[in-house]
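Single-letter residue listing:
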Amino acid sequence: AGAGAVGSLVGQLAKLGGARVVAIVGSDAKAKWCTEELGFDAAVSYKAGAEKLEAELLKAAPEGVDAYFDNTGGVSTEATLNVLNNFARVALCGCISGYNKPTNPLANYPMLLHRRVRLTGFIVSDHLDQFPEVQAQLRMLLSEGKIKYKEDIQDGIENYVPALNRLFNG
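## Regarding the state of the cysteines
Right, so step 1: Counted under the stated rule, the structure contains zero disulfides.
Right, so step 2: The thiol of C93 is unpaired, and the distance to the nearest cysteine sulfur, on C95, comes to 9.2 Å.
Right, so step 3: The exposure class of C95 is partly exposed, given its relative accessible area of 24%.

Here you go:
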């Protein structure tokens with residue numbers, strides 16, 4: 001979710017570090033926000049399915065993908081695994097596309113082996129000791145206008161369920 005809270009921050013930090021950033025998003029509006037507001041190099045939609053997404057990823061990253069921050073799983077991951085370069089790195093932070101499903105299959109799982117990919121699970125609670133330092137760095141980047149974010153503030157308990165469901169709808 002390149003336009004979500006986590007993905008948009010990860011992408012901005014990657015850009016600040018000199019990476020070419022391609023966001024995988026669920027709408028034209030989110031693609032526009034990522035490219036025009038956040039400065040990502042490209043944005044592609046997962047809505048048309050893995051095969052089309054793979055083709056779009058190859059257009060956006062013709063030399064392949066060296067690093068992938070995965071917080072969605074599903075179609076996005078299926079397509080991205082096919083365009084990873086040898087010895088690519090994957091940070092696995094979430095699998096939201098499969099949270100409400102009985103299984104979360106990954107048909108092209110062998111690509112991790114074939115491409116000799118390094119996959120590392122990333123759970124924020126493993127890094128709580130670094131929280132004060134990272135929080136200070138993010139505050140500085142925010143105050144300097146180097147990172148941006150969006151908020152979706154809903155009032156009233158009656159809006160809780162619809163707001164929560166928007167997390168799962170892309």
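## Digging into the sheet that holds strand 3 (residues 65-70)
Right, so step 1: Strands sit in the order 3-4-5 across an open sheet of three strands; the sheet is parallel. At either end of the open sheet lies a strand with only one pairing partner, and these are strand 3 and strand 5 (118-121). Across this sheet, the average inter-strand angle for adjacent strands is 10°, counted without regard to direction.
Right, so step 2: Relative to strand 5, strand 4 (residues 84-92) runs parallel, the two sharing four bridges. Bridge pairing in strand 5 places L92 opposite G121.
Right, so step 3: Together, strand 3 and strand 4 form the strand contacts of helix 4 (residues 74-81), whose direction differs from that of strand 3 by roughly 165°.

## Structural notes on the side chain of S76
Right, so step 1: Positionally, S76 belongs in helix 4.
Right, so step 2: Look at S76 and you get buried, because its relative accessible area is 6%.
Right, so step 3: Look past the residues within four positions of S76 in its chain and what remains in contact with it is I24, Y46, L53 and Y68.

## Observations concerning helix 2 (residues 28-37)
Right, so step 1: Inspection of helix 2 places A31, W33 and C34 among the buried residues, and these make up the whole buried set. One side of helix 2 holds all its buried residues, which, seen down the axis, span an arc of 160°. For helix 2, exposure combined with an orientation more than 90 degrees from the buried face picks out D28, A29 and E36.
Right, so step 2: Where helix 2 is buried, its residues touch helix 1 (5-16), strand 1 (22-25) and strand 2 (42-45).
Right, so step 3: A positive backbone phi angle near 85° is found at G39, which sits one or two residues after helix 2.

## Focus: the packing of aromatic side chains
Right, so step 1: Taken as a whole and judged by the stated rule, the model has one aromatic pair.
Right, so step 2: With centroids separated by 6.3 Å and ring planes inclined at 65°, the aromatic side chains of F69 and F122 adopt a geometry described as edge-to-face. A residue pair is termed long-range when its members are at least 10 positions apart, and F69 in strand 3 and F122 in the loop between strand 5 and helix 6 (131-143) qualify at 53 residues.
Right, so step 3: The exposure class assigned to F69 is partly exposed, which follows from its relative accessible area of 24%.
Right, so step 4: The partly exposed category is assigned to F122, whose relative accessible area is 33%.

## Details of the pairing of strand 1
Right, so step 1: Here strand 1 pairs with strand 2 via four bridges, running parallel. Within strand 2, the position partnered with V25 by the bridge is S45.
Right, so step 2: Once you follow strand 1 into helix 2 and on to strand 2, the crossover reads as right-handed.

Procedures and definitions
Residues numbered from 1 in each chain as written. Predicted model: local features only at pLDDT ≥ 70, side-chain atom pairs only at ≥ 80, totals over all residues. Heavy atoms only, no water. Disulfide = S-S within 2.5 Å. Buried < 20%, exposed > 50% of the residue type's maximum accessible area, 1.4 Å probe, protein only. Pairing = 2+ DSSP bridges. Helix = DSSP H or I, 4+ residues; strand = E, 2+ residues; numbered from the N terminus. Axes fitted to C-alpha atoms, helices over the stretch in contact; angles between N-to-C directions. Contact = heavy atoms within 4.5 Å. Arc of directions from axis to C-beta. Phe/Tyr/Trp six-rings, centres within 6.5 Å; stacked < 30°, edge-to-face > 60°. Right-handed = clockwise from strand over helix to strand, strands pointing away.

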